[in-house]
Amino acid sequence: MNLIVAVDRNWGIGNKGDLLIRIPNDHKFFRQETMGKVVALGRKTLETFPQGLPLKGRTNIILSANRDFRVKDATVVHSLEELLEELKGYKDEDIYVIGGESIYRQMLPYCNVAHVTKIDHSYQADAYFPDLDGMPEWQITADSDEQTYFDVAYQFLKYERK
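Worth saying up front: this structure is predicted, and the values here are computed from it rather than measured.

What to know about the layout of surface pockets
Where empty space is left becomes clear once a probe the size of a water molecule has been rolled over the atoms.
Turning to step 1, where the next piece is worked out: A volume near 1200 Å³ is recorded for the largest pocket.
Turning to step 2, where the next piece is worked out: Residue lining of the largest pocket: 38 residues in total, with L19, T45, T48, I98 and G100 positioned closest to the centre.
Turning to step 3, where the next piece is worked out: Of all the secondary-structure elements, those providing two or more residues to the lining of the largest pocket are strand 1 (2-7), strand 2 (12-15), strand 3 (18-19), helix 1 (24-34), helix 2 (43-47) and helix 4 (101-107).
Turning to step 4, where the next piece is worked out: Taken together, the residues of the lining of the largest pocket sort by class into 18 nonpolar, eleven polar and nine charged.

Digging into the nonpolar core
Across soluble globular proteins, nonpolar side chains have a tendency to be buried as a group.
Turning to step 1, where the next piece is worked out: Among the nonpolar cores identified, the biggest contains 29 residues, and F129 and L132 are the most heavily contacted of them.
Turning to step 2, where the next piece is worked out: Those elements giving two or more residues to this core turn out to be strand 1, strand 4 (38-42), strand 5 (59-63), helix 3 (80-87), strand 7 (95-97), helix 4, strand 8 (113-119) and strand 12 (152-161).
Turning to step 3, where the next piece is worked out: Setting aside anything within four residues of it in sequence, one finds F129 in contact with L3, V5, V7, W11, I13, Y104 and R105.
Turning to step 4, where the next piece is worked out: Grouped together as the second largest cluster of nonpolar side chains are 18 residues, I23, F29, I62 and F156 included.

So, the environment of L87
Turning to step 1, where the next piece is worked out: With respect to the element layout, L87 can be found in helix 3.
Turning to step 2, where the next piece is worked out: Among the residues examined, L87 registers a relative accessible area of 4% and is labelled buried.
Turning to step 3, where the next piece is worked out: Considering only alpha carbons, one finds L87 and L46, 41 residues apart in sequence, at a separation of 18 Å.

A closer look at the packing of aromatic side chains
Turning to step 1, where the next piece is worked out: A full pass over the atoms with the stated rule returns six aromatic pairs.
Turning to step 2, where the next piece is worked out: With 6.1 Å between their ring centres and 65 degrees between their planes, W11 and Y159 make a pair best called edge-to-face. Residue W11 is found in the loop between strand 1 and strand 2, and its partner Y159 is found in strand 12; the two are separated by 148 residues along the sequence.
Turning to step 3, where the next piece is worked out: Since its relative accessible area comes to 1%, Y159 is described here as buried.
Turning to step 4, where the next piece is worked out: The interplanar angle of 75 degrees and the centroid separation of 4.9 Å between the aromatic rings of Y104 and F129 together place this pair among those described as edge-to-face.

Details of the sheet that holds strand 3
Turning to step 1, where the next piece is worked out: An order of 3-2-9 is seen for the three strands of this open sheet, with the pairing classed as antiparallel. Bordering the open sheet on either side are strand 3 and strand 9 (127-128), each of which pairs with just one other strand.
Turning to step 2, where the next piece is worked out: For strand 2 and strand 3, the ladder comprises two bridges, and the chain directions are antiparallel. By the bridge assignment, G14 is partnered in strand 3 with L19.

So, how was this worked out
Residues numbered from 1 in each chain as written. Predicted model: local features only at pLDDT ≥ 70, side-chain atom pairs only at ≥ 80, totals over all residues. Heavy atoms only, no water. 1 Å grid on protein atoms, 1.4 Å probe; cavity = no way out; pocket = protein on both sides within 12 Å on 5 of 7 lines; lining within 4 Å. Points joined across faces, edges and corners; volume = space filled by probe spheres on them. Helix = DSSP H or I, 4+ residues; strand = E, 2+ residues; numbered from the N terminus. Nonpolar A, V, L, I, M, F, W, Y, C, P; charged D, E, K, R; others polar. Core = buried A, V, L, I, M, F, W, Y, C linked by side-chain atoms within 4.5 Å. Buried < 20%, exposed > 50% of the residue type's maximum accessible area, 1.4 Å probe, protein only. Contact = heavy atoms within 4.5 Å. Phe/Tyr/Trp six-rings, centres within 6.5 Å; stacked < 30°, edge-to-face > 60°. Pairing = 2+ DSSP bridges.

In structure tokens form, the structure reads like this:
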């Protein structure tokens, strides 16, 4: 299973329910990686999407504790166990965990690849991704050249579980 995330220097991923920054090349990379695949996400992340709708061209599986929560064109599950059971119907390499913080933390033990856009800036954040650099079981196996968006430097990193 894959994770895909954009983080700042402190592994921050969001603030007040929104992304820290919107980088067009990061969004393009996200689309290329996930198009035609399965995305697993939480209800709060879904609410940040345009009109709160599932991502087009992907199988959306949403985790929500609210048993009455329904979403057109998506599968809703209500527990980690139910999510894992639902994901068994898909190839591991076709599954992307896309957030937010709680889903990332719950799903990290089941993932072997993490696509991380690392942004060389510290933002005000209230949601964080686990620091893979501080976890000996994860290693960087691919990285892009440093890129910039206005004055913000970033790069695409691929981490794999050893």
